[in-house]
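Below, each chain spelled out in residue letters.
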Amino acid sequence: MAEADLRETKAGRIVVKPACDTKSPHELWSDPGEAEELKARLGTLHRAKIRLADEVLVVGDYIGDSTRAEIAYARSLGKPLRFTHPEVDPDA
């Protein structure tokens, strides 16, 4: 995602991306109960970022459940989507 951020910024685009990778260990989400609450709040925040976006770039060669839901949400809003790996587009 960092590489995509650099490339998109170089292309003159404003990048708004997830700021927390809750799959990587960190003290802010080390408590399982707090981690679940944080994950829900981050989901709400990320949907707000999608609403603000002119376009959504899906980065990576794997689409998990949460990313699949975000793709569906973006499409429901009529947001254009691009994929770094188009073969993972669930609607392709």
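For the structure itself, consult the block above.
One structure accompanies this document, and this report is about it. (Residues numbered from 1 in each chain as written. Predicted model: local features only at pLDDT ≥ 70, side-chain atom pairs only at ≥ 80, totals over all residues. Heavy atoms only, no water.)

**As for the packing of helix 2 (residues 32-52) against helix 3 (residues 65-76)**
Packed helices, taken two at a time, are described by the angle between their axes plus the distance between the axes. Running from N to C, helix 2 and helix 3 point in directions that differ by 35°, and their axes come no closer than 10 Å. Pair helix 2 / helix 3 crosses with right-handed handedness. Contact with helix 2, carried on its side by His 46, Arg 47, Ile 50 and Arg 51, involves Glu 70, Tyr 73 and Ala 74 of helix 3 and no other residues of that element. (Axes fitted to C-alpha atoms, helices over the stretch in contact; angles between N-to-C directions. Helix = DSSP H or I, 4+ residues; strand = E, 2+ residues; numbered from the N terminus. Left-handed = near helix turned anticlockwise from the far one by under 90°. Contact = heavy atoms within 4.5 Å.)

**Here's the deal with the side chain of Lys 49**
Mapped onto the elements of the fold, Lys 49 is located in helix 2. Summary of buried charges: Lys 49 has no salt-bridge partner, and the nearest side chain of opposite charge, Glu 70, is 9.6 Å away. Sequence-distant contacts of Lys 49, defined by excluding residues within four places in its chain, comprise Val 16, Lys 17, Pro 18 and Ala 19. (Buried < 20%, exposed > 50% of the residue type's maximum accessible area, 1.4 Å probe, protein only. Lys, Arg positive; Asp, Glu negative; His and termini not counted. Salt bridge = Lys/Arg side-chain N within 4 Å of Asp/Glu carboxyl O.)

**Points about the nonpolar core**
Ile 50, Ala 53, Val 56, Val 58, Ile 63, Ile 71, Ala 74, Leu 81, Phe 83 and Val 88 together form the largest nonpolar core, which totals 10 residues. For this core, the elements supplying multiple residues, two or more each, are strand 1 (56-58), helix 3 and strand 2 (81-83). With residues up to four places along the chain from it excluded, the contact list for Phe 83 reads Leu 57, Val 58, Ile 71, Arg 75, Val 88, Asp 89 and Pro 90. (Core = buried A, V, L, I, M, F, W, Y, C linked by side-chain atoms within 4.5 Å.)

**Regarding the environment of Leu 57**
Relative to the helices and strands, Leu 57 resides in strand 1. When the C-alpha positions of Leu 57 and Lys 39 are compared, they lie 21 Å apart, and in sequence the two are 18 residues distant. Every residue in contact with Leu 57, bar those within four places of it in the chain, is listed here: Ala 4, Glu 8, Arg 82, Phe 83 and Thr 84.

**Structural notes on the pattern of salt bridges**
Evaluation of the coordinates by the stated rule reveals eight salt bridges. Linking Glu 8 and Arg 82 is a salt bridge whose minimum nitrogen-to-oxygen distance equals 2.6 Å. Taken together, the positions of Glu 8 in helix 1 (residues 2-10) and Arg 82 in strand 2 put the pair 74 residues apart, joining distant regions of the chain. For Glu 8, a relative accessible area of 13% gives the class buried. On the basis of relative accessible area, Arg 82 is assigned to the partly exposed category, the value being 28%. Asp 91 is paired through a salt bridge with Arg 75; the nearest N and O atoms lie 2.7 Å apart. Of this pair, Asp 91 sits in the segment after strand 2 while Arg 75 sits in helix 3; the two residues are 16 residues apart in sequence, bridging distant segments of the chain. On the accessibility criterion, Arg 75 (31% relative accessible area) is partly exposed. Each of the salt bridges in this network shares a partner with another, and the network as a whole consists of Glu 8, Arg 13, Glu 55 and Arg 82.

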